Amino acid sequence: MITITKKAAEEISLSTHNPENQGLTIRFAADQTEEGFQYMMGFDERNDGDIHLESNGVEYIIAYAQKVLLEGMVVDFDQIQAGEDYSFVFMNPNDPSYTPPAESHAPKKS
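Cut-offs used in this document
Residues numbered from 1 in each chain as written. Predicted model: local features only at pLDDT ≥ 70, side-chain atom pairs only at ≥ 80, totals over all residues. Heavy atoms only, no water. Core = buried A, V, L, I, M, F, W, Y, C linked by side-chain atoms within 4.5 Å. Buried < 20%, exposed > 50% of the residue type's maximum accessible area, 1.4 Å probe, protein only. Helix = DSSP H or I, 4+ residues; strand = E, 2+ residues; numbered from the N terminus. Pairing = 2+ DSSP bridges.

Engineer: So what exactly am I meant to see when it comes to the nonpolar core here?
Structural biologist: When a protein is soluble and globular, its nonpolar side chains tend to lie buried together. Formed by 19 residues in total, the largest nonpolar core has its most connected members in Ile2, Ile4, Phe28, Tyr60, Ile62, Leu70 and Met73. Those elements that provide at least two residues to this core are α1 (6–15), β2 (25–33), β3 (36–44), β5 (58–63), α2 (67–70) and β6 (74–78).

Spelled out as structure tokens, the structure:
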């Protein structure tokens, strides 16, 4: 469903140590806009109708209604350009504005 790279999994795992996040699961979501998709992630409780999955040791949830928008997405944690801060990067082939990275710049999923 969603692939969370090793770097992203490590960063998410660090956030699980925050007492505010205890007992919660990371949720991914997307809003479709005229410019493409806007991505959201955060810790949340599981609801009826959620899909509960795992990637690289990280359990995550998405709303069933979001399945078609998020299928095949890769979540990475990297620099967009050299010298910039690291951030979460959402690569989603369902996003109309998505351009796949060059093979030499594609993230390692494991």
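Engineer: Sorry if this is basic, but what is going on with the pairing of β6 here?
Structural biologist: Side chains on a regular strand alternate between the two faces of the sheet. β6 sits mainly inside the fold: four of its five residues count as buried. Sheet topology places strand β1 (residues 3–4) next to β6; two bridges connect them, and they run parallel. Looking across to β6, one finds that Thr3 is bridged to Val74. Across five bridges, the pairing between β6 and strand β7 (residues 87–91) is antiparallel. The residue of β7 that forms the bridge with Val75 is Phe90.

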